[in-house]
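Each chain, letter by letter, is given below.
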Amino acid sequence: VDAVTWGARRVCLDEPTTLHVRASGLDGATLEVRVFEELRERDDDVLATATVTVHGGVGVVAWTPARDDVAPDRVGGAVPLVAEVRDQDGHWAKTEIPLEVELPAIAAATWSAPHAEVGAAIELCATTHGFADGTTLEFDVWRVDWSGDDVHVETLDAATITAGGATATWTPDRAGEYWFSASVSAAEVCTAASGLLVAT
């Protein structure tokens, strides 16, 4: 087994990728593929397995990192994965550069300004990681009530994540202090809360 390389450097969870294998003298052979988290590569640390057949010195296998396989208990960040390929006689090689699998998270929720005038539109901004373009994100606006309870004001029309972010506009109709939540409900719920906006 001469070389093993991932088809991409970084993917989101549930985004398909490929693994490319170059091998000598193994045409027609089916090789075992084992995926590990980098630096956790003992036999009992295997996250996923597959097979790849070599044709003309090359083999390609498709693989999609799934939450249950890669990082069932992690929230946010990226998991570096390496793949090991071996034949039945024990010849093997592994990827030199790991595949970074980005886990879904809402990194930040911010107003476009800390103050707004009543009746003037302001922008709500969410920065995201690990969500595919086109994923739906929902903004909810809340008012801080003097009683100590936050009052739900409005759920805005769903926004769409593009290039790691989503935005929406909202217009306060009364003076007060407001905050918003940004949520994605896909396979799991990810939520972030903004700081306060003062409307006068």
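Scroll up to find the structure this text is about.
Throughout this description, residue numbers start from 1 for each chain and increase along the sequence as written. Only residues with pLDDT of at least 70 get local features here, since the model is predicted, and only at 80 or more are side-chain atom pairs given and counted; chain-wide, interface and lining totals rely on the full set of residues. To obtain the side-chain values, all non-hydrogen atoms of the structure were included, while hydrogens and water were left out.

Trainee: Requested: an account of the overall build of the protein chain, with residues and values cited.
Mentor: For the purposes of this entry, the term helix denotes a DSSP run of H or I that reaches at least four residues, the term strand denotes a run of E that reaches at least two, and both are numbered from the N terminus. Of regular secondary structure, the protein chain possesses one helix and 19 strands. It is over C-alpha atoms that the radius of gyration is taken, and the globule rule equals 2.2 Å times the number of residues to the power 0.38. Taken over the C-alpha trace, the protein chain has a radius of gyration of 23 Å; the compact-globule value for 200 residues is 16 Å, which it surpasses by more than 25%. Taken over the C-alpha atoms alone, the protein chain extends approximately 75 × 30 × 20 Å along its principal axes. Classification of residues uses two cut-offs on accessible area relative to the type maximum, computed with a 1.4 Å probe and protein chains only: under 20% is buried, over 50% is exposed, and between them is partly exposed. Looking at the protein chain residue by residue over its 200 residues, the buried ones come to 42%. A separation of at least 24 residues holds for 61% of the contacts in the protein chain among residues at least 6 apart in sequence. In this analysis, two residues are considered to be in contact whenever any of their non-hydrogen atoms come within 4.5 Å of each other.

Trainee: Could you give an account of unusual backbone geometry, naming the residues involved and the relevant values?
Mentor: At Asp-14, a residue that is not glycine, the phi angle is positive and equals roughly 70 degrees. You can see Asp-14 is positioned in the loop between β2 (10-12) and β3 (17-22). Phi is positive for Leu-39, which is not a glycine, with a value near 75 degrees. Residue placement: Leu-39 occurs in the loop between β4 (30-37) and β5 (48-53). Assessed through its relative accessible area of 76%, Leu-39 is described here as exposed.

Trainee: If you had to explain the packing of aromatic side chains to someone new, which residues and values would you point to?
Mentor: The rule is short: rings of Phe, Tyr and Trp, with Trp giving its six-membered ring, pair when the centres are within 6.5 Å, and they are stacked under 30 degrees, edge-to-face over 60, tilted in between. Under the criterion given, the structure shown has six aromatic pairs. Between Trp-111 and Trp-170, the ring centres sit 6.1 Å apart and the planes meet at 45 degrees, which makes this aromatic pair tilted. On the criterion of sequence distance, the pair formed by Trp-111 in strand β10 (residues 105-111) and Trp-170 in strand β16 (residues 165-170) is long-range, its members being 59 residues apart. When sorted by exposure, Trp-111 lands in the same class as Trp-170, which is buried.

Purely geometric numbers; function is a separate question.
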